[in-house]
Amino acid sequence: LPSSSSPVLGLDIGTGASCIYPLLGRAHLGWRFVATEVDPASAAAARRNVALNEWEAAIQVREVAPGVKHDADANHAEGGVVPPQPPILMGVIGPSERFDFCMCNPPWFGDDETPQPNGAMRPRGERCAATSSEVFTAGGEVGFILRMLADSKALRERVAWYSSLVGRKASLAPVLRALRTAGALHIRTAELQQGVTSRWVVA
């Protein structure tokens, strides 16, 4: 990361309605953020949360238009056909922008999967309601991260660290294999544990 004289600029991909990570990053570390969101209602709510904290000068919420064809989509298709996916980095980052890092918590599930609700964990009234774009993407979280990897190969040093949360342990092997195949110079992983739940971070 840059020296203390140069404020850190991060990119939060799919920030959600709360815009929580940019808000925390600003509050605790003084960092600046661009936060992207594909769902219009979530983008509006995120902008409101930023405004309520009076941090519009430090956190910019960008609504991303859905449905553009991605060069990596063919790698995650059944029979080679995949619906257009929202852009992740290409077409979202401006031509003169440079970021110290990007982060995301991609959708876990592919279009053909049906998540099973965990009714034993929470009563119906306490379940978190997620939007479709927060739950589903072509190829699941592996497909999303591989599309992000394809973008990183074009953008290269315009983002210093590309990172993503990984929700399924089975996703780690194909993601790490793809990073090595792509010739990533530095690869880092970390496991996050809370009670019996584990998640992973790949950078």
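Everything numeric here is computed off the predicted structure, so don't read it as measured data.

Here is what the cut-offs are and how they apply
Residues numbered from 1 in each chain as written. Predicted model: local features only at pLDDT ≥ 70, side-chain atom pairs only at ≥ 80, totals over all residues. Heavy atoms only, no water. Pairing = 2+ DSSP bridges. Helix = DSSP H or I, 4+ residues; strand = E, 2+ residues; numbered from the N terminus. Axes fitted to C-alpha atoms, helices over the stretch in contact; angles between N-to-C directions. Contact = heavy atoms within 4.5 Å. Expected span 1.5 Å × (residues − 1). Buried < 20%, exposed > 50% of the residue type's maximum accessible area, 1.4 Å probe, protein only.

1. Thoughts on the sheet that holds strand β1 (residues 9–13)
What links the strands of a sheet is backbone hydrogen bonding, and the strands pair in either a parallel or an antiparallel sense. Spatial strand order, β3-β2-β1-β4-β5: five strands in an open sheet with parallel pairing. Because the sheet does not close on itself, it has two edges, and the strands there are β3 (59–63) and β5 (159–162). Averaged over all pairs of adjacent strands, the angle between their axes in this sheet comes to 20°, without regard to strand direction. The sheet strands contacting helix α2 (residues 40–52) are β2 (32–37) and β3, and the helix crosses β3 at an angle near 170°.

2. Here's the deal with helix α4 (residues 140–155)
Over its 16 residues, α4 runs 23 Å from end to end, which matches the ideal 22 Å to within 8%, given 1.5 Å per residue. Of all 16 residues in α4, twelve are buried; the element is thus mostly enclosed. Along α4, the positions that sit buried rather than exposed are Gly140, Glu141, Val142, Gly143, Phe144, Ile145, Arg147, Met148, Leu149, Asp151, Ser152 and Leu155. Lining the buried residues of α4 we find β1, β4 (99–104), β5, β6 (164–166) and α5 (172–182).

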